[in-house]
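Breakdown of the fold
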Amino acid sequence: MKIRSNVEKRRLQGIAIITALSSLSFLYFGILKPGKEATTFGFVLNDEWVIIKDWVISSQTGARIFSITSLLASAIAVLALKKGRSISVPVAVASFGILMSFLTWIASGKFIPFTGLLQGGLLLSIPLIFGAMSGLVCERSGVINIAIEGQLLASAFVSAVVASLTDLAWWGLLAAPFAGAAISYLLATFAIKFSVDQVILGFVINVLVIGLTDYLYKKLLIPQQNTWNSPPLLEVVPIPILSKIPVVGPILFTHTIVVYLMVAIVSMVTFGLHKTKWGLRTRAVGEHPTAADTVGIDVNKLRFRNVIFSGMIAGVGGAFYTVGSVGAFGKEMTAGAGFIALAALIFGKWSPIGALFAALLFGFATNLQSTLSIIGVAIPSEFMLMVPYIATIIAVTGLVGRVRAPAADGIPYIRGGAH
Amino acid sequence: MLNRISQIGHSLKLPGLSFLMAFTITGIIIALSDSKVMGKIGSPIEFLKSAGSSVGNAYLALFQGSIYDTRLAESGFFEGFYPFFETLVTATPLILTGLSVALAFKSGLFNIGAQGQFIFGAIGASYVGFRFDLPVGIHILAAVIAGMFLAAIWGGIVGFLKAKTGAHEVILTIMMNYIAAYFILWILKTPTFLRKGRLDPLAPEVKESARLPLLAGSEFRIHAGIFIALAAALFVWWLLTKTTIGYKFRAVGANSKAARTAGISVPFVITATMMICGALAGLGGAVHVLGSEYALNAGIAGSLGFDAITVALLGRAQPLGTVFAALLFGALHTGGRMMQSNTGVPLDIVVVTQGLIVLFIAAPVFVRYIFRLKKLNVASALTSKGWNG
């Protein structure tokens, strides 16, 4: 009973914060410092069916409408909480309202490509999602994966090189999981067979991959760019009909295969983790390896396989950097995405859906920043860029509730050894 | 006496073998990525000869660029040591950031945040250095203290948050590094920090009175910072072994549950450790600005904060070990520059060497397995705590 009331208390606190923010945005954006001009939202991106092309609204009215929507949604959330129903939908609507209110205010007199903003956000979060799934598969079975960055970078490198040499993007995409798996093999061997501290190990693997790709980039990829580093791109495959739906079509259904693979892998991991024998065993090994061993599960073998599998997942995410989006490999092009993916995993409390949304949030926040700095708003872009990191700190310090890692995460399993 | 020597010899076995393997693998990578060598793949003997000369030249350049260069010595024996002095300049901030990471290890914390702490140390020292006019000694002291203070707060935030909420310091410090990296980009654009007449992010140079004295004349870059770094190493050793607070640090690092039972305040130790770690890395940033860079720029920290982690791991989190590890990595980086310009082997290969050395040092069981050793002296392997630790 105590746990339940704690959860309720925290939810109530969350709703209180959101209500306060909605009221603030109504006061500030709608009454005290309203935008003087009209804000334009653009909805059309490609050749989808057009319902509304642009939507022009006075900044002040728009901010007021969205803030009030947000306040209403907060009220509904309180009612839902009282009745014991799920509050995630009203809370999401309320957060969206606050965000939109902020956008209409800050973009007064300017144009916001709404559909492009969301699509770009999704694209930025793709490698983060793959990275987070990689970490999840590892960590749910009890092996800490700090080496996501290395997995992503190595596979981005290999996919670019293979695609350049064969002149086929598909080969790049196929090779990438093997590069990720090779990094995983290093991680698995040293972590499981030689019991090296996993946090330190992951860190060192990242150093190695950064050093090696930087070296080969300068030694081979720059001098002979045409041979080594001019990969073709994967084609965008719009899904028939669905891709024509306004707003939703360009955001969700007009992508390369990598994005669709992301959906497949998140579904597979979610389903696998909770509905299959593999998932049950993985969770058992991550929470209580001794018990798992007692019922005949080979703890270290399962962990080894999961770590390799995790590398393959991250590998696809790495391919997204090169054949999936920009083509040529660039020095340290993953730029810390592996660590953000790790943060998304923790933010999402080691659950696939939680990690997915956390990664989407990071991707969107980053894209919002670049959109706002392109249209030229008053906030220094550096502070906007800090937002995902500050959000992570807030998340891990427990404002979204205490997060708990799998109990045996990071502890090498030695049969009969002390824990 | 003999016993003692054999003991030392024994404890050097692991680092020795790790170095051997690391340099061997690095050599193989250098040879395999050299098109001249690969062109001779048809005849084994020519291939090996060519590989040998390729790797040999690279390693010779690495030595000449970091320790002693006979070509420079033509203008005087002393001048031949120019590369060694450069190594010391590179090693100075590495020693300080390395100590920051090492001290954290002793309290059972993995401080990935030396990068951010270094940045704040550099910002503080730079500001006091260019903004105020003070007498020589006092100016240096004020600038150093300002940098250490900011960095101690930056590190302390992590300690405080961990102590209060149990959030893991690895995630916290990584996030704080990003925030610090964007913060320095922003602050360099502000009117206070932007140098007059410049548009690129570059602060004014610190005034003469705030600069650390040069040790070997203006032709060499070697400055008094190396003594500050060595003093800091001595301080960390003293703190850890001779004081009550250091004892508490180590007790929490060894077993925080037992330490709590023994009446040690774990939250206090975590916060205090991170503050001191911050101050050490911040001192690194301050010394770097006041001793060799003079002007704050966006790339001031380079990858120093991350190299610090490999330094501390190689030094097994011991103050003296950290000093030697920093000297070694300083030499690799300094020599790497000459290797790059003379033999065309990119500098980045030394990062691989560095990573390999640390990997093998961290995996004594692996080294034992490779060399089929029955016994290998493994002084307490370094560990960090998992997410729930």
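Residues numbered from 1 in each chain as written. Chains lettered and ligands numbered in written order. Predicted model: local features only at pLDDT ≥ 70, side-chain atom pairs only at ≥ 80, totals over all residues.

Considerations on helix α12 (residues 266-293) of chain B
Since there are 3.6 residues in each turn of an α-helix, residues three or four apart along the chain are aligned in direction. Residue and element names in this part refer to chain B. What counts, and what does not: Secondary structure elements are defined from DSSP: runs of H or I of at least 4 residues count as helices, runs of E of at least 2 residues count as strands, and each element is numbered from the N terminus. To estimate the expected span of a helix, count its residues, drop one, and scale the result by 1.5 Å. For every residue, the other C-beta atoms within 10 Å of its own C-beta are counted; 20 or more classify it as buried, 12 or fewer as exposed, and values in between as partly exposed. C-beta atoms are placed from the backbone.
Compared with the 40 Å implied by 1.5 Å per residue over 28 residues, the 38 Å span of α12 between its first and last C-alpha is a close match. Taken across its 28 residues, α12 has 23 buried, putting it largely inside the fold. Within two residues after α12, Tyr 294 carries a phi angle of roughly 70 degrees, on the positive side.

Quick look at the domain arrangement of chain B
Accessible area lost upon the coming together of the parts is a frequently used measure of interface size. Residues and elements named next belong to chain B. Spelled out, the test is: The source of the domain bounds is an automatic or database domain assignment. In this description, any two residues whose backbone-derived C-beta atoms lie within 7 Å of each other are considered to be in contact. We call Asp, Glu, Lys and Arg charged. Ala, Val, Leu, Ile, Met, Phe, Trp, Tyr, Cys and Pro are nonpolar, and the rest, Gly among them, are polar.
Domain boundaries assigned for chain B yield domain 1 (1-34 + 347-380) and domain 2 (81-344). The C-alpha-based centres of domain 1 and domain 2 are spaced at 27 Å. Taken together, the 10 residues of domain 1 in the interface contact 11 residues of domain 2. For the side of domain 1 that touches domain 2, the residue count by class is 7 nonpolar, 3 polar and no charged.

Some details on the sheet that holds strand β3 (residues 111-113) of chain A
Residue and element names in this part refer to chain A. Put simply, the rule reads: Paired strands, in this sense, are two strands between which DSSP finds at least two bridges. To get an axis, a line is fitted to the C-alpha atoms, and for a helix only the part in contact is used. The angle between two axes follows their N-to-C directions and goes from 0 to 180 degrees.
The strand order across the open sheet built from 3 strands is β2-β1-β3, with neighbouring strands paired in mixed fashion. The open sheet is flanked by β2 (54-58) and β3, the only strands paired with a single partner. This sheet shows a mean twist of 20 degrees between the axes of neighbouring strands, independent of strand direction. Pairing analysis gives 5 bridges linking strand β1 (residues 38-42) to β2, with the strands arranged antiparallel. When the bridges of β2 are listed, Thr 39 appears paired with Ile 57. Set on the sheet, helix α4 (residues 114-140) makes contact with β1 and β3; between it and β3 the angle comes to about 45 degrees.

Focus: the interface of chain B and chain A
Listed by partner, the interface residues are 40 residues for chain B and 44 residues for chain A. It is helix α8 (residues 169-187) of chain B that provides the largest number of residues to the side of chain B that touches chain A, a total of 11 residues. Class assignment for the residues of the side of chain B that touches chain A results in 29 nonpolar, 10 polar and 1 charged.

Side note on the domain arrangement of chain A
Residue and element names in this part refer to chain A. Here chain A is partitioned into domain 1 (2-109) and domain 2 (115-399). Taken together, the contact pairs 10 residues of domain 1 with 14 residues of domain 2. Residues belonging to the side of domain 1 that touches domain 2 are distributed by class as follows: 8 nonpolar, 1 polar and 1 charged.

As for helix α7 (residues 136-165) of chain B
Counted at 1.5 Å a residue, the expected span for α7 of chain B with its 30 residues is 44 Å, and the 44 Å between its end C-alpha atoms agrees. A positive phi of about 80 degrees marks Gly 166 of chain B, the residue just after α7 of chain B.

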